Amino acid sequence: MPEKLGEVRAADAFEELDVINNTQEEPIENTVSSEPENEISASNNNIDVLHDNTFINEVKKLQSEITVLQEKLKLSDGKVINAQITIDNLNQQLSDSFAKLKVSEMELSNEKLEVKVLSSQVDEFQHTISFLELEFESTQVMSKIKKDMNGCKFYTGINSFERLWTLCNFVIKFIPPQHSLCKLDYATQFVITLIRLRLNLTMQDLAYRFNISLCTCSKYITFWLHAMHKTLVPAFIRWPKQENVRKTMPLCFRDRFYRCICVIDCFEIFLDRPTKIKERASTFSTYKSHNTVKFLIAITPQRYISYVSKAYGGRISDKFIVDDCELLDKLILRDIVLADRGFTVHEAVSLQNAELKIPSFLGKRNQLTNLEVEMSRDLARVRIHVERIIGAIKQRYSILHCTLNHQCTDLSGTDEERISIIDQMVNVACALYNACPSVVPII
């Protein structure tokens, strides 16, 4: 406002100065006047001149002030321009800072996500470490089985790890591929089942040893018993051909029993007392004075198990088992079967064109003839091998030497082939016995 006011006053001053100059340039008319008038006019002129000089000085002063103000205005305009440039630069820096801040926020969010991912990975690694620690504890048994032959024999009943690994791979070929969610691999599951058969450890003990639940342990054992029964039993328990048996007949059989195809006997496994009266009566054995299940077993002269029957109640006689099972259907012409006195099945064997030899009965006679005594002695000498093999099987797989739950006799499986757990255990134990060298020497 002061600058605009100065400009207006300066304009008015210039206009008055032009008027004064015009008045000074007009010609002075010659008039006749008196001296007083001349003096008055002269004084007036002097006053006007003084007034004009003062006004001119003020105008010049105002012009100088205007000039100064214009210079200040120019300087102010430059400062305003510089300030505007500075403001623009600051705005640009601010926008750059905002952009960098956004980038930093994005980087920070990405880093937070990475931290979360890394923390989750750390948790997974810690879980894996804890799991591996538990698995290491559970694999101590596996390490002993792999490194020590005595440890392998003690835990599984197999005399070498190579043989154990071969049997495991043979079974794996015939079962479905392992599911990814299974906690233990197939080899460990196979070993658990063998330990159960060999040492008769409880399910809870095995679950603690291998860091699995009780239900999972039971499922593993049931699955592998069925798998081994479907694969190992047909592979290792086979009825031999007559010519193959005669080619490798041991010396103790060649003199009197050259045509012997098998030696048969029955063995019993104790059961706890069933709750149902019918099952309790059918399984009670008067010979053992206990509830039992009975199996018929046949071995070749070479000490090889060639046949195992299904389970029968302890009350069933040996004769009924021979008549009921499929053993007689396997006999051919001129075969000889060796048995104990309780197997009075001469007629059934004769119908197959075969011969049954058992120790002689004394009957109503006072004594046996020399031929009968010698025959009975030779028969007892070779027939003892079947009892030794039965004892070796029970000793090797102690689960067969203990009292089992009567629920093991319950049938399971499909309608086409229903088989009990105890049938599977006995058949698998016999198959595993055949897979290893016999403890009974061949003479």
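Residues numbered from 1 in each chain as written. Predicted model: local features only at pLDDT ≥ 70, side-chain atom pairs only at ≥ 80, totals over all residues. Heavy atoms only, no water.

**Some details on the overall build of the protein chain**
1) Next: Summing up its helical and strand segments, the protein chain has 15 helices and 9 strands in all.
2) Next: Residues counted as buried form 35% of the 443 residues belonging to the protein chain.
3) Next: Pairs at least 24 apart in sequence give 62% of the contacts found in the protein chain among residues at least 6 apart.
4) Next: Just so you have it, the protein chain exposes about 27900 Å², and 56% of that area is on carbon and sulfur atoms. (Helix = DSSP H or I, 4+ residues; strand = E, 2+ residues; numbered from the N terminus. Buried < 20%, exposed > 50% of the residue type's maximum accessible area, 1.4 Å probe, protein only. Contact = heavy atoms within 4.5 Å. Areas by Shrake-Rupley, 256 points an atom, 1.4 Å probe, with all protein chains shown as cover.)

**Let's talk about helix 14 (residues 370-396)**
1) Next: If you check helix 14, its first and last C-alpha atoms are 39 Å apart, about what 27 residues at 1.5 Å a residue would give, namely 39 Å.
2) Next: The sharpest bend along helix 14 comes to roughly 30°, located at Arg381. (Expected span 1.5 Å × (residues − 1). Bend = angle between axes of the 7 residues up to and from the residue.)

**Here's the deal with the packing of helix 5 (residues 161-172) against helix 6 (residues 186-199)**
1) Next: For the pair helix 5 and helix 6, the least separation of the axes is 10 Å and the interaxial angle reads 110°. Judged by the inter-axis angle, helix 5 sits roughly perpendicular to helix 6. The interaxial crossing formed by helix 5 with helix 6 has right-handed handedness. Residue-level contacts link Leu164, Trp165, Leu167, Cys168, Val171 and Ile172 of helix 5 to Tyr186, Ala187, Phe190, Val191 and Leu194 of helix 6. (Axes fitted to C-alpha atoms, helices over the stretch in contact; angles between N-to-C directions. Parallel < 35°, antiparallel > 145°, perpendicular 65-115°, else oblique. Left-handed = near helix turned anticlockwise from the far one by under 90°.)

**A look at the packing of helix 4 (residues 149-156) against helix 6**
1) Next: Where helix 4 contacts helix 6, the two axes come as close as 7 Å, and the packing angle between them is 70°. Here helix 4 lies roughly perpendicular to helix 6, going by the angle between them. Contacts between helix 4 and helix 6 involve Lys153, Phe154, Tyr155 and Thr156 on the former and, on the latter, Val191, Leu194, Ile195, Arg198 and Leu199.
2) Next: For the contact of helix 4 with helix 6, a count of residues per class yields 6 nonpolar, 1 polar and 2 charged. (Nonpolar A, V, L, I, M, F, W, Y, C, P; charged D, E, K, R; others polar.)

**Overview of the nonpolar core**
Here is a general trend for soluble globular proteins: nonpolar side chains tend to be buried in one another's company.
1) Next: Judged by nonpolar contacts, the single largest core of 98 residues is most densely connected at Ile264, Leu296 and Ile422.
2) Next: Residues in contact with Ile422, not counting those within four places in the same chain, are Ile269, Leu271, Val293, Phe295, Ala311, Leu404, Cys408 and Thr409. (Core = buried A, V, L, I, M, F, W, Y, C linked by side-chain atoms within 4.5 Å.)

**Topic: the layout of surface pockets**
1) Next: Space inside the largest pocket adds up to approximately 640 Å³.
2) Next: Taken together, 26 residues make up the lining of the largest pocket; nearest its centre are Cys266, Phe267, Glu268, Tyr287 and Lys288.
3) Next: Of all the secondary structure elements, the ones that give two or more residues to the lining of the largest pocket are strand 1 (260-270), strand 2 (284-285) and helix 14.
4) Next: Counting residues per element, the lining of the largest pocket draws most heavily on strand 1, which supplies 6 residues.
5) Next: The residue makeup of the lining of the largest pocket, split by class, is 11 nonpolar, 6 polar and 9 charged. (1 Å grid on protein atoms, 1.4 Å probe; cavity = no way out; pocket = protein on both sides within 12 Å on 5 of 7 lines; lining within 4 Å. Points joined across faces, edges and corners; volume = space filled by probe spheres on them.)

**A short note on helix 8 (residues 214-236)**
Residues lying three or four places apart along an α-helix face the same way, a consequence of the helix completing one turn every 3.6 residues.
1) Next: Between its first and last C-alpha atoms helix 8 spans 31 Å; for 23 residues at 1.5 Å apiece the expected length is 33 Å, and the two agree.
2) Next: For helix 8, the principal kink sits at His229 and spans about 35°.
3) Next: Every buried residue belonging to helix 8 is among Cys217, Tyr220, Ile221, Trp224, Leu225, Ala227, Met228, His229, Thr231, Leu232 and Val233, and all of these are buried.

**Thoughts on the side chain of Arg198**
1) Next: Tracing the backbone shows Arg198 in helix 6.
2) Next: Buried charged residue Arg198 carries no salt bridge. Nearest counter-charge: Asp148, at 12 Å.
3) Next: In this structure the side chain of Arg198 is engaged in a polar contact, spanning 2.7 Å, whose partner is the backbone oxygen of Arg396.
4) Next: When residues no more than four places from it in sequence are discounted, the contact partners of Arg198 are Lys153, Phe154, Tyr155, Thr156, Gly157, Gln395, Arg396, Tyr397 and Ser398. (Lys, Arg positive; Asp, Glu negative; His and termini not counted. Salt bridge = Lys/Arg side-chain N within 4 Å of Asp/Glu carboxyl O. Polar contact = N/O pair within 3.5 Å; in protein donor to acceptor, adjacent residues only side chain to side chain.)

**Points about the environment of Ser360**
1) Next: Structurally, Ser360 is set in the loop between strand 7 (355-357) and helix 14.
2) Next: By relative accessible area, Ser360 is classed as buried at 18%.
3) Next: Put simply, Ser360 and Asp340 are 20 residues apart on the chain and 9.7 Å apart in space, counted from C-alpha to C-alpha.
4) Next: Discounting chain neighbours no more than four positions away, the residues touching Ser360 are Arg341, Leu368, Glu372 and Ser376.

**Digging into the pairing of strand 3 (residues 290-299)**
1) Next: Of all 10 residues in strand 3, 9 are buried, a share of seventy percent or more.
2) Next: In this sheet, strand 3 lies alongside strand 1 in antiparallel orientation, the contact comprising 8 bridges. Paired with Ile269 across the two strands is Val293, which belongs to strand 3.
3) Next: Across 2 bridges, strand 2 lies against strand 3 in antiparallel orientation. Its bridge partner being in strand 3, Phe284 is matched across the sheet by Asn291.
4) Next: The hairpin turn running from strand 3 into strand 4 (residues 305-308), its antiparallel successor, is 5 residues long, and Arg303 in that turn takes a positive phi close to 65°. (Pairing = 2+ DSSP bridges.)

**Quick look at the packing of aromatic side chains**
1) Next: The full count for this structure, using the stated rule, is 8 aromatic pairs.
2) Next: Ring geometry for Phe154 versus Tyr155: centroids 5.1 Å apart, planes at 80°, classification edge-to-face.
3) Next: The class of Phe154 is partly exposed, set by a relative accessible area of 45%.
4) Next: Overall, the relative accessible area of 12% leaves Tyr155 in the buried class.
5) Next: Counting every residue linked through ring pairs, the aromatic cluster contains Tyr186, Phe190, Phe223 and Trp224. (Phe/Tyr/Trp six-rings, centres within 6.5 Å; stacked < 30°, edge-to-face > 60°.)

Without other data, these values stay purely geometric and don't point to any function.
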